[in-house]
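Structural features, examined
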Amino acid sequence: MAYEDAMREAVEAAGGQIGADEYLLKVQEILRSQGGDPAIESLKTNAFNNKRMTEAGVARVQIGKRKMVWLEELAEAILNGEAIGANNTTGISPNIAAPAPAGGAFNGVERMNPEDYPEHIRQFIPKNTTNFVESDQNEMLNLCLAYGMGWHVMYEGPTGCGKTRLVADFCYATNKPMIRLNCSEGLNEDNFIGYKTLVNGEVVFIEGPALLAMKYGCVLVLDELNAALPEILIKLHSIMDSGTYTLAEDGNRMIEAAPGFMVAACINPPNDYAGVRPLNRATKDRFDLQMNIKYLPEAEEMKLIQRLSGNRNRELAKAVVRMANDLRELKTQRKMSSDTSTRTLITVMQAATKMSVTDAINYTMVNRYTDTERKDVEMAARTRIAEY
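Starting from 1, residues in each chain are numbered consecutively following that chain's sequence as written. Selection of residues for local features in this predicted model requires a pLDDT of at least 70, selection of side-chain atom pairs for listing and counting requires 80 or more, and totals for whole chains, interfaces and linings are taken over all residues. Side-chain descriptors were evaluated using all non-hydrogen atoms of the structure, hydrogens and water having been removed beforehand.

For a regular strand, side-chain orientation follows a simple rule: the groups alternate between the two sheet faces. When DSSP finds at least two bridges between two strands, those strands are taken to pair. What counts as a helix is a DSSP run of H or I of at least four residues, what counts as a strand is a run of E of at least two, and both are numbered from the N terminus. Across six bridges, the pairing between strand 8 (residues 194–199) and strand 9 (residues 202–207) is antiparallel. Note that in strand 9 the partner of Lys 196 across the bridge is Phe 205.

Structure follows, in structure tokens:
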């Protein structure tokens, strides 16, 4: 038996919570039952190793002076303010999720007061966190640094890897309005910049989302920018170059970007997706920070899909992520064209709380793929998931 399995079993056998000393003795007992004979000093090094604990899905917790080891999902449930059953007598005050407070700072970025925005703009401030998880690239920290320097940012990565969630969580944490547009869904000049119309018999100009973002210092999120029409890119260049836009249609009225205006572009790799194309150098050069966003490492993605789905079945989460990584590898090898996104895995885990694992995979995952890919998906599920 691997160390990680023994570590997990020791905590599970104690109901998910165990004292640190008892934990070591229990791990030792389990390993001895399997023919091993580790010394306590060796156990202290291995059973409290951070990487091993992450792999085992356990975490160190201190309550007052008492040092304990808990199942990771139990510790996270408490921290996220989730109910863990009627017998919770831990005495820990959960950190209940709430809107970000006004004032103060987040990674050096000033938190805005939502009341400073007019009501029609305030509605664009995210009301909840998306629980974006940083990788070793420190995506959130770098986004905050870019914002502080007045930069525009671009994120490239596969569908469902967290590009937009990153920006949404930044806006949530800083109380910044986030105006989001998808550039592949018929976005034209009228619904980007604005248009003229009659109101009470008078011709007026209705400002589009790009101008509203400029005017009120919002974050303008452009999904699939590399699918945008050329005329949209030309307008965008003008906005990003000088922070101003002259409305010839409205008597040459000039819109100036308020402090805090930022463009955040999210794009899919052009070689892997139909309908998108490489951005030209002129467009890319206008984005000061450019990062590639990838799917999370296995252990981190497991934790994320458990937390966001509410399904704490660690073994199922591990199997689902490994199945997804098998399918992602097939895409890398160009043996399939569809993505296997993290949000799909969250849906599978949610469904598995209400239906069988087989039905959850068949009804929420398999049919997302093309006819020729479905057999590969089913094979990956049979290989990785015992219940399928």
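Moving on from the coordinates now.
Only protein chains enter the accessibility calculation, which uses a 1.4 Å probe. A residue is then buried if its area is under 20% of the maximum for its type, exposed if over 50%, and partly exposed in between. For helix 16 (residues 357–364), every residue scored as buried is listed here: Val 357, Ala 360, Ile 361 and Thr 364. Down the axis, helix 16 shows its buried residues gathered within 100° of arc, on one side only. Residue contacts are counted whenever heavy atoms from the two residues lie within 4.5 Å of one another. The secondary structure elements touched by the buried residues of helix 16 are helix 14 (314–332), helix 15 (342–351) and helix 17 (374–384). Here, the arc refers to the directions that run from the helix axis to the C-beta atoms.

A few words on the sheet that holds strand 6 (residues 153–156). Strands sit in the order 7-10-13-6-14 across an open sheet of five strands; the sheet is parallel. Edge strands, defined here as strands with exactly one partner in the open sheet, are strand 7 (178–182) and strand 14 (289–292). Sheet twist, expressed as the average angle between the axes of neighbouring strands with direction ignored, equals 15°. Only the stretch in contact is used when fitting a helix axis, every axis being a line fitted to C-alpha atoms; angles between N-to-C directions are given from 0 to 180 degrees. Helix 8 (residues 163–174) contacts strand 6, strand 7, strand 10 (219–223) and strand 13 (262–267) of the sheet and is inclined by roughly 170° relative to strand 10.

Position of Lys 284 relative to the elements: it lies in helix 12 (residues 281–284). Taking the C-alpha atoms as reference, Lys 284 lies 9.9 Å from Ala 265; in sequence the two are 19 residues apart.

For salt bridges, the criterion is a side-chain nitrogen of Lys or Arg within 4 Å of an Asp or Glu carboxyl oxygen. Tallying each qualifying case throughout the model produces 20 salt bridges. Lys 215 is paired through a salt bridge with Glu 207; the nearest N and O atoms lie 3.3 Å apart. By relative accessible area, Glu 207 is classed as buried at 16%. One salt-bridge network, in which partners are shared between bridges, spans Glu 207, Lys 215, Asp 250 and Arg 253.

A few words on the nonpolar core. Side-chain atoms within 4.5 Å link the members of a nonpolar core, which is a set of buried Ala, Val, Leu, Ile, Met, Phe, Trp, Tyr and Cys residues. Judged by nonpolar contacts, the single largest core of 35 residues is most densely connected at Phe 192, Ile 193, Leu 220, Leu 222 and Leu 225. Where this core is concerned, the elements lending two or more residues are strand 7, helix 10 (209–216), strand 10, helix 11 (230–242), strand 11 (244–247) and strand 13. The residues touching Ile 193, leaving out its near neighbours within four places in the chain, are Phe 205, Ile 206, Glu 207, Gly 208, Ala 210, Leu 211, Lys 235, Ile 239, Tyr 245 and Leu 247. Residues Met 302, Val 321, Ala 360 and Ile 361 belong to the second largest nonpolar core, which totals 27 residues.

This paragraph deals with the packing of aromatic side chains. In this description, an aromatic ring pair is defined by two values, namely the gap between the centres and the angle between the planes. Between rings of Phe, Tyr and Trp, where Trp is taken as its six-membered ring, a pair exists when centres lie within 6.5 Å; planes separated by under 30 degrees are stacked, by over 60 edge-to-face, and by other angles tilted. One pass over the full model with this rule turns up two aromatic pairs. With 5.3 Å between their ring centres and 55° between their planes, Tyr 147 and Phe 170 make a pair best called tilted. Placement of Tyr 147 in helix 7 (residues 139–148) and of Phe 170 in helix 8 is noted, with a sequence separation of 23 residues between them. For the pair formed by Tyr 147 and Phe 170, the shared burial category is buried. By the criterion adopted, a ring carries a charge over it if an Arg CZ or a Lys NZ lies within 6 Å of its centre and within 35 degrees of its normal. Here the guanidinium or amino end of Arg 328 rests over the ring plane of Tyr 295, the centre of that ring lying 3.7 Å away.

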